[in-house]
There are 2 protein chains.
Amino acid sequence: MIIYVGGDCLGNIYDDNAKTIKAISDPSKLKIVDILSCGEKCASDLLEHFNFTQPTLSHHMKVLTECGVVDVKKTGLWNHYFLNKENYNKLVMFLVKLMKNNEGCICEVNWR
Amino acid sequence: MIIYVGGDCLGNIYDDNAKTIKAISDPSKLKIVDILSCGEKCASDLLEHFNFTQPTLSHHMKVLTECGVVDVKKTGLWNHYFLNKENYNKLVMFLVKLMKNNEGCICEVNWR
DNA sequence: ATATTCAATAGATGATTATCTATGTGGGTG
DNA sequence: CACCCACATAGATAATCATCTATTGAATAT
């Protein structure tokens, strides 16, 4: 649907979602999401599935948590990561709505 | 679902989809998709909605067409762009499947 | 044919990204 | 207390990306 109609007041809808989409737009982060789809994992477990180093994973997880796709529980030494399915679904719903040729503007639709 | 299980033979599933996701991972390209959701537009019409220059739009459209999200009909001087809804839906379905905690591997599921 | 119009290409630049090595921090354990 | 262990941070680098100006190419109109 046309979201941009309605002026710049809502321009950051594009920005916000672009940030999240960018966060998952490389193969490694897609794989992280894929692994987490089966349940919580700590960083060390995640790292076993990749060829990159621990700081690189740390960086990826920071990006994924900052955009809200992944959450973390810190218990003692371990970080337990898991998908934030609500936010992930919001992203998917954004993409679905974006393509739908609805009439009207985002202002008039119940949006997120 | 865990897609990576099954070995490197399918590793490019991440790569292919990451490429498409990256293609739409900036605000301008999301807005282009949004505009095209209401129907075909030629490049000049699209350009009116943005502050960047014609070569920049040309570059964006190249990226969007190369990844299959947008198609183009060239008639005379004009390029008429429109969403490739089938490919767009494939992308959305990929994201949906990625999150679902199905058992099994991509090899055993009817995939694209 | 010459000018006009729409789009693509070339080449440059600044910003962002993915990755590394090296080091720091802070919670457990012996 | 001294040492591991899991993770974060700092700083560097090479690659990619979004954007620009300038130019070229190609189809149409006069």
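Being a predicted model, the structure only gives us computed values, none of them experimental.

Attention now goes to the overall build of chain A. Each helix and strand counted, chain A has five helices and three strands in total. Its helices and strands taken in sequence order, chain A reads α-α-β-α-α-β-β-α from the N to the C terminus. Within chain A, buried positions represent 29% of all 112 residues. Contacts in chain A between residues at least 24 apart in sequence constitute 56% of all its contacts with a sequence separation of at least 6.

Attention shifts here to the environment of B:Met93. Residues and elements named next belong to chain B. Along the chain, Met93 falls in helix α5 (residues 85-99). On the neighbour-count criterion, Met93 (13 C-beta atoms within 10 Å) is partly exposed. Along the backbone, Met93 and Tyr81 are 12 residues apart, and their C-alpha atoms lie at a distance of 23 Å.

Between helix α1 (residues 12-23) of chain A and helix α2 (residues 27-36) of chain B, the least distance of the axes is 8 Å, while the angle of their chain directions is 115°. The angle between α1(A) and α2(B) falls in the class roughly perpendicular. In this structure, the crossing between α1(A) and α2(B) has a hand that is right-handed. Across the interface between the two elements, A:Tyr14, A:Asp15, A:Asn17 and A:Ala18 of α1(A) pack against B:Pro27, B:Leu30 and B:Lys31 of α2(B). Considering only residue class, the contact of α1(A) with α2(B) consists of four nonpolar, one polar and two charged.

All names here are of chain B. With antiparallel pairing, the three strands of this open sheet are ordered in space as β1-β3-β2. Lying at the two open borders of the sheet, with one neighbouring strand each, are β1 (41-42) and β2 (70-75). The pairing of β2 with strand β3 (residues 78-83) spans six bridges and is antiparallel. Note on β3: the bridge partner recorded for Lys74 is Asn79. The strands touched by α2 within the sheet are β1, β2 and β3, with β3 carrying the most contacts at an inclination of about 90°.

A few words on the relation of the copies chain B and chain A. Superposing chain B onto chain A takes a rotation of 180° plus a shift of 0.0 Å along the axis, which leaves an RMSD of 0.0 Å. Taken together, the rotation angle and the small translation identify this as a two-fold axis. Take the interface residues of chain B: 100% of them recur as interface residues in chain A, which is what a same-surface contact looks like.

Right, let's get into the protein's contact with DNA strand D. By nearness alone, 21 residues border DNA strand D, and A:Ala43, A:Pro55, B:Phe52, B:Pro55 and B:Gly76 come closest of all. Of all the secondary-structure elements, those providing two or more residues to the surface near DNA strand D are α3 (43-47), α4 (54-66) and β3 (78-83) of chain A together with α4 (54-66) of chain B. Per-class residue counts for the surface near DNA strand D are 10 nonpolar, nine polar and two charged.

Parameters at a glance
- Residues numbered from 1 in each chain as written.
- Chains lettered and ligands numbered in written order.
- Predicted model: local features only at pLDDT ≥ 70, side-chain atom pairs only at ≥ 80, totals over all residues.
- Helix = DSSP H or I, 4+ residues; strand = E, 2+ residues; numbered from the N terminus.
- Buried ≥ 20, exposed ≤ 12 C-beta atoms within 10 Å, placed from the backbone.
- Contact = placed C-beta atoms within 7 Å.
- Axes fitted to C-alpha atoms, helices over the stretch in contact; angles between N-to-C directions.
- Parallel < 35°, antiparallel > 145°, perpendicular 65-115°, else oblique.
- Left-handed = near helix turned anticlockwise from the far one by under 90°.
- Nonpolar A, V, L, I, M, F, W, Y, C, P; charged D, E, K, R; others polar.
- Pairing = 2+ DSSP bridges.
- Least-squares fit on C-alpha atoms with pLDDT ≥ 70 in both.
- Near = placed C-beta within 6 Å.

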